[in-house]
Amino acid sequence: MKIAVYPGSFDPITCGHLDVIKRAAKIVDVLIIGVLNNSSKKSLFTPEERVELIERVVKDIPNVKVESFSGLTVDFAKERNATVLVRGLRAVTDFEYELQIAQTNHKLNPDIDTIFFTTSVEYAYLSSSIAKEVASFGGSVQGLLPEEIIDTVFEKLNVKGRK
Ligand code: ADP
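In every chain, residue numbers begin from 1 and rise along the written sequence. Given that the model is predicted, a residue must reach a pLDDT of at least 70 before its local features are reported, and side-chain atom pairs must reach 80 or more before they are shown or counted; all residues, however, enter totals for whole chains, interfaces and linings. Side-chain calculation: all heavy atoms of the structure are included, whereas hydrogens and water are not.

Peer 1: Account for the pattern of salt bridges, naming residues and giving values.
Peer 2: Here a salt bridge means any side-chain nitrogen of Lys or Arg lying within 4 Å of a carboxyl oxygen belonging to Asp or Glu. Tallying each qualifying case throughout the model produces 9 salt bridges. Asp 19 is the salt-bridge partner of Arg 23, the closest N and O atoms lying 2.9 Å from each other. Here Arg 23 and its partner Asp 19 are both found in helix 1 (residues 15-27), 4 residues apart, which amounts to about one turn of the helix. A salt bridge links Glu 49 to Lys 156; its shortest N-O distance comes to 3.1 Å. Only DSSP runs of H or I covering at least 4 residues are called helices, and only runs of E covering at least 2 are called strands; the numbering of each starts at the N terminus.

Peer 1: How would you summarise the site of the ligand if you had to cite specific residues and measurements?
Peer 2: Looking at the ligand, there are 17 residues lining it, with Tyr 6, Ser 9, Lys 41, Gly 88 and Tyr 123 nearest. Two N or O atoms form a polar contact when they lie within 3.5 Å of each other; inside protein one atom must be a possible hydrogen donor and the other a possible acceptor, and for residues adjacent in sequence the pair counts only when both atoms belong to side chains. A distance of 3.0 Å is found between an oxygen atom of the ligand and a backbone nitrogen or oxygen belonging to Phe 10. Side-chain polar atom of Glu 98 to an oxygen atom of the ligand: 3.2 Å apart, as the coordinates give it. The Shrake-Rupley method, run with a 1.4 Å probe, gives the accessible areas here. Residue values count only the displayed protein chains as cover. When the free accessible area of the ligand is taken as 550 Å², the share hidden by the protein chains comes to 91%. Elements with a contribution of two residues or more to the shell around the ligand: strand 1 (3-8), helix 1, strand 4 (84-89) and helix 4 (92-108). Note on residue classes: Ala, Val, Leu, Ile, Met, Phe, Trp, Tyr, Cys and Pro are nonpolar, Asp, Glu, Lys and Arg are charged, and everything else, Gly too, is polar. Counted by class, the shell around the ligand contains 6 nonpolar, 6 polar and 5 charged residues. For this description, a residue counts as near a given molecule or strand if any of its non-hydrogen atoms is within 4 Å of it.

Peer 1: Outline the sheet that holds strand 3 (residues 64-69), listing residues and values.
Peer 2: An order of 3-2-1-4-5 is seen for the 5 strands of this open sheet, with the pairing classed as parallel. Of all the strands in the sheet, the pair left with one neighbour each is strand 3 and strand 5 (113-118). Between one strand axis and the next, the sheet turns by 30° as a mean value, whatever way the strands run. In terms of strand pairing, strand 1 meets strand 2 (residues 30-36) through 6 bridges, oriented parallel. Paired with Ile 3 across the strands is Val 30, a residue of strand 2. Any pair of residues with heavy atoms lying within 4.5 Å of one another is described as a contacting pair. Only the stretch in contact is used when a helix axis is fitted, and all axes are lines through C-alpha atoms; the angle between N-to-C directions ranges over 0 to 180 degrees. Contacts between helix 2 (residues 47-58) and the sheet are confined to strand 2 and strand 3, with strand 3 contributing the most and set at about 175° to the helix. Paired strands, as defined in this entry, are two strands with at least two bridges between them according to DSSP.

In structure tokens:
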């Protein structure tokens, strides 16, 4: 059984993340979305809230699970018997950082490999930060954030936003 972990901040999940999730879920048996609980990174949503938002969005994909974790990604993957890490690549700017993480993780645990999904072009510019920026000014986040979470994001930002 091929188990993969897709680690990230997901603050909050975007349509770009969801695109990677759907594609990865088709090629592994179980995909565990690992929400990194990184207290040094300032986030809009708590790890528990981020897990709940993702669960809402992936509820119809049967082989996807969502959990939060802290510590090393490779340790979390090993605990879950995962041998694959999933990451997404948007632009060249992602490449150097992602390469560094993948190589470090492989050094820490040679049994675990990282596979990359190149972004679908419509999401190439999209990040959680960009979506939050647009939402914070009340702009439309349709197509940036999954439908199921849009109201919650506006509520959290205390903004009366356009859908
Ligand atoms: P992190 O803080 O670990 O980078 P993110 O939630 O920002 O967490 O991203 C998690 C992963 O999803 C990263 O590999 C990132 O490159 C990928 N990703 C983010 N946005 C997109 C997108 N629009 N298309 C494809 N991959 C994406």
